[in-house]
Amino acid sequence: MVSIETIREQFDELGIEPSDEVINKCIEICINNDITDPIEFVEQWMAYSVSKLSGAEPTVAYLNEMEAHEYASKAKKATKMSTIAAAVGNIGVSPRMDSKVSKLTTYRNVDSVEQDVLEMYGCITPKIA
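Residues numbered from 1 in each chain as written. Predicted model: local features only at pLDDT ≥ 70, side-chain atom pairs only at ≥ 80, totals over all residues. Heavy atoms only, no water.

In the nomenclature of an unreviewed UniProt entry, the protein is known as DNA polymerase alpha subunit B N-terminal domain-containing protein of Anopheles minimus.

Dropping the structure here:
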């Protein structure tokens, strides 16, 4: 559970004494991004800080940048993946998709892992009787 105390403890272990504003921003980011582990969050901050900010200490502005860079891109990827999964799940439902499925290449002699990937993209593999 992320709390003011747990976030403060994690930063203290790294020798960082963030302001109350910074701690509150950390809590806000954790709530907005469903982060429940304070260790995970502070490690994410440290990785971001070292790679993008030359190891700077957290400020509200830097935390805003981190949130926009790290968590917004993850949310976009998750949305894109759910859209793809929904499209794959709906194959055969719309006439437009049916015409695309009929044009797909049929693959033979593929192992089960390749088979799963091909099916995920709507490829039809004939079953050997």
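There is more to say after this.
Caption draft 1: Representation of the environment of serine 51 within the structure. Along the chain, serine 51 turns up in helix H3 (residues 38–53). Overall, the relative accessible area of 55% leaves serine 51 in the exposed class. Within the local environment of serine 51, its side chain forms a polar contact with the backbone oxygen of alanine 47, the two atoms lying 2.9 Å apart. (Helix = DSSP H or I, 4+ residues; strand = E, 2+ residues; numbered from the N terminus. Buried < 20%, exposed > 50% of the residue type's maximum accessible area, 1.4 Å probe, protein only. Polar contact = N/O pair within 3.5 Å; in protein donor to acceptor, adjacent residues only side chain to side chain.)

Caption draft 2: Structural view of the packing of helix H1 (residues 4–13) against H3. In contact at an axis separation of 9 Å, H1 and H3 are set at 45 degrees when each is read in the N-to-C sense. Comparing the axis directions of H1 and H3 gives the class oblique. Every pair of crossing elements has a handedness; the one defined by H1 and H3 is right-handed. Contacts from Thr6, Ile7, Gln10 and Phe11 of H1 reach H3 at Pro38, Ile39, Phe41, Val42 and Trp45. Grouping the constituent residues of the contact of H1 with H3 by class yields seven nonpolar, two polar and no charged. (Axes fitted to C-alpha atoms, helices over the stretch in contact; angles between N-to-C directions. Parallel < 35°, antiparallel > 145°, perpendicular 65-115°, else oblique. Left-handed = near helix turned anticlockwise from the far one by under 90°. Contact = heavy atoms within 4.5 Å. Nonpolar A, V, L, I, M, F, W, Y, C, P; charged D, E, K, R; others polar.)

Caption draft 3: Quick look at helix H2 (residues 20–32). Taking 1.5 Å of rise per residue, the 13 residues of H2 would be expected to cover 18 Å, and the 18 Å separating its terminal C-alpha atoms lies within 8% of that figure. One or two residues past the end of H2 sits aspartate 34, with phi positive at roughly 55 degrees. (Expected span 1.5 Å × (residues − 1).)

Caption draft 4: Looking closely at the packing of H1 against H2. Interhelical geometry of H1 versus H2 gives an angle of 115 degrees and a closest axis separation of 10 Å. When the interaxial angle is binned, H1 and H2 end up roughly perpendicular. Pair H1 / H2 crosses with right-handed handedness. Residue-level contacts link Ile4, Ile7, Arg8 and Phe11 of H1 to Asp20, Ile23, Asn24, Cys26, Ile27 and Cys30 of H2. By residue class, the composition of the contact of H1 with H2 is seven nonpolar, one polar and two charged.

Caption draft 5: Looking closely at the pattern of salt bridges. Tallied over the full model, the rule gives three salt bridges. The closest approach of N and O atoms between lysine 25 and glutamate 67, which form a salt bridge, is 3.7 Å. Here glutamate 67 lies in helix H4 (residues 60–89) and lysine 25 lies in helix H2, a separation of 42 residues in the sequence. Considered together, lysine 25 and glutamate 67 belong to a single accessibility category, that of buried residues. Residues participating in the shared-partner salt-bridge network are Lys25, Glu28 and Glu67. (Salt bridge = Lys/Arg side-chain N within 4 Å of Asp/Glu carboxyl O.)

Caption draft 6: Representation of the state of the cysteines within the structure. This model, assessed by the stated rule, comprises zero disulfides. Free cysteine cysteine 26: the closest other cysteine sulfur is in cysteine 30, separated by 6.7 Å. Cysteine 30 gets classed as buried once you look at its relative accessible area, which sits at 2%. (Disulfide = S-S within 2.5 Å.)

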